[in-house]
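Inside the fold
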Amino acid sequence: MSAVELAGLRKSYADVTVLDDFSLRANQGELVTLLGPSGCGKTTTLRCIAGLERAERGEIRIGERLVACPERRVFLPPNRRDIGMVFQSYALWPHMTVFGNVAYPLRVRRRDRRERQRAVMEILAMVGMDSYAHRPVTELSGGQQQRVALARAMVARPAVLLFDEPLSNLDAKLRRSMRREIRDAHDRSGGTSIYVTHDQEEAITLSDRVVVIRGGKIQQVGTPKEIYTKPATRFVADFIGFENLLTATVSEARDGSTAVKLMSGAGPVWTSKGITRAPGTEVVLAARADELEIG
Ligand SMILES: Nc1ncnc2c1ncn2[C@@H]1O[C@H](COP(=O)(O)OP(=O)(O)OP(=O)(O)O)[C@@H](O)[C@H]1O
Ligand SMILES: [Mg+2]
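Now for a quick tour of the structure. (Residues numbered from 1 in each chain as written. Chains lettered and ligands numbered in written order. Predicted model: local features only at pLDDT ≥ 70, side-chain atom pairs only at ≥ 80, totals over all residues. Heavy atoms only, no water.)

**Looking at the overall build of the chain**
Broken down by element type, the chain carries 8 helices and 15 strands. Principal-axis analysis of the C-alpha atoms places the extent of the chain at approximately 75 × 50 × 35 Å. A sequence separation of at least 24 residues applies to 59% of the contacts in the chain between residues at least 6 apart. In the chain, 43 positive and 35 negative side-chain charges are present, and the distance between their average locations comes to 6 Å. (Helix = DSSP H or I, 4+ residues; strand = E, 2+ residues; numbered from the N terminus. Contact = heavy atoms within 4.5 Å. Lys, Arg positive; Asp, Glu negative; His and termini not counted. Charge placed at Lys NZ, Arg CZ, Asp CG, Glu CD.)

Rendered as structure tokens:
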């Protein structure tokens, strides 16, 4: 079992606190996406889970194991956390072949030669790169390098996979097909994955659950459908692509329908989404452009 759990995490760089009292859980077998704008703390969160950064406070658990807790002086280095990571920049070793790169995590784990050969070729076949095994990685396209990075993260069958915007350097078409491959790879691994992106479409199509972050704080956690249809805050609504956000006041509520008056005094505008708030409550009226018709 390898759920990932963060509790009360605090991480600062010099005098800037990026995460404060940050808590999050990804269940065994889940693919959870961290979605938020640039600088909100997504990479910092992943690096803390991987053991590439040390938080000043809080706990990180992978499965039953406490892997980091400064208060109890616990800190497991990255190679003892049973994780695989795919970085935005691929971070392949340029002086090695495809095979050499993918075999690396197995060498670190001291697997014997025959086992390495078998596992590397099997994972390369899975990402469609087995015929490139002996190419230097410098002679690959961006998409091919990304496949190698994915294979390297998965070859040792880690319990947890961490993805830091792995597709942002690829063109739109390749991004969509790689997205499916990542989802398949996650499903086949049977492990837990945490995926970082600032692309709402990617988060919605790929994940079991989405965590929306702003300035190091969690704004909403939900299934893609919940996030897409029921954003909890104005920020989430805006980030998830509601083009129309209008401040309004509830004027009437009955039979599961609610009427609001817009700031300008216009209205009432009725909604039957089953959201009932007391008259007088200030709310945000959110609508996607393609839901509105002009008669
Ligand atoms: N090594 C560092 N030293 C100082 N500040 C840092 C360091 N790494 C990150 N930060 C700061 O911490 C904040 C969060 O950075 P982080 O890289 O986690 O953001 P992010 O959500 O991954 O953004 P992006 O989408 O641009 O990758 C930013 O304000 C960033 O400038
Ligand atoms: Mg980042």
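**Considerations on the site of ligand 1**
Around ligand 1 lies a shell formed by Tyr13, Val18, Pro37, Ser38, Gly39, Cys40, Gly41, Lys42, Thr43, Thr44 and Glu165. Cys40 places a polar main-chain atom, nitrogen or oxygen, 3.2 Å from an oxygen atom of ligand 1. Between ligand 1 and the protein, one listed contact pairs an oxygen atom with a side-chain N or O atom of Thr43 at 2.8 Å. Summarising the interface, the protein chains cover 57% of the accessible area of ligand 1, which totals 640 Å² for the free molecule. For the shell around ligand 1, the element with the most residues is helix α1 (residues 42-50), which contributes 3 residues. (Near = heavy atom within 4 Å. Polar contact = N/O pair within 3.5 Å; in protein donor to acceptor, adjacent residues only side chain to side chain. Areas by Shrake-Rupley, 256 points an atom, 1.4 Å probe, with all protein chains shown as cover.)

**Describing the pattern of salt bridges**
Summed over all chains, the structure comprises 17 salt bridges. For the salt bridge of Arg47 with Glu53, the shortest nitrogen-to-oxygen distance reads 3.1 Å. Here Arg47 falls in the partly exposed class, since its relative accessible area comes to 27%. With a shortest N-O distance of 3.0 Å, Glu122 and Arg157 are connected by a salt bridge. Separated by 35 residues along the polypeptide, Glu122 in helix α3 (residues 113-126) and Arg157 in the loop between α4 (142-154) and β8 (160-164) bring together distant segments of the chain. Each of Glu115, Arg118, Glu122 and Arg157 takes part in a single network of salt bridges with overlapping partners. (Salt bridge = Lys/Arg side-chain N within 4 Å of Asp/Glu carboxyl O. Buried < 20%, exposed > 50% of the residue type's maximum accessible area, 1.4 Å probe, protein only.)

**Observations regarding the sheet that holds strand β7 (residues 83-86)**
Here 6 strands make up an open sheet; going across it, the order is β7-β8-β9-β3-β10-β11 and the pairing mixed. Looking at strand neighbours, the two that pair on one side only are β7 and β11 (217-222), the edges of this open sheet. Strand-to-strand twist of the sheet, defined as the mean angle between neighbouring strand axes without regard to direction, takes the value 15 degrees. As judged from the 5 bridges shared by β8 and strand β9 (residues 192-197), these two strands associate in the parallel manner. Its bridge partner lying in β9, Leu162 is registered against Ile194. Running at roughly 170 degrees to β7, α4 makes contact with β7 and β8 of the sheet. Of the strands in this sheet, β3 (31-35), β8 and β9 are in contact with helix α5 (residues 172-189), which crosses β9 at around 160 degrees. (Pairing = 2+ DSSP bridges. Axes fitted to C-alpha atoms, helices over the stretch in contact; angles between N-to-C directions.)

**A word on the layout of surface pockets**
Considered as a void within the structure, the largest pocket measures approximately 990 Å³ in volume. In terms of lining residues, the largest pocket is bounded by 31 residues, among which Lys273, Ile275, Val284, Leu285 and Ala286 are the most central. Those elements that provide at least two residues to the lining of the largest pocket are α7 (224-229), α8 (234-239), β12 (244-254), β13 (257-262), β14 (269-271) and β15 (282-287). The element contributing the most residues to the lining of the largest pocket is β15, with 5 residues. Taken together, the residues of the lining of the largest pocket break down into 19 nonpolar, 6 polar and 6 charged. (1 Å grid on protein atoms, 1.4 Å probe; cavity = no way out; pocket = protein on both sides within 12 Å on 5 of 7 lines; lining within 4 Å. Points joined across faces, edges and corners; volume = space filled by probe spheres on them. Nonpolar A, V, L, I, M, F, W, Y, C, P; charged D, E, K, R; others polar.)

**Considering empty space enclosed by the protein**
The tally for this structure, following the rule as stated, stands at 1 cavity of 30 Å³ or more. Each pocket or cavity is described by its volume, and for the largest cavity that value is around 30 Å³. Lining the largest cavity are Leu9, Cys48, Glu53, Arg54, Ala55, Gly58, Ile60, Ala68, Cys69, Pro70, Phe75 and Arg81. Taken together, the elements giving at least two residues each to the lining of the largest cavity come down to β4 (57-62) and β5 (65-69). Across the lining of the largest cavity, the residue classes break down as 8 nonpolar, 1 polar and 3 charged.

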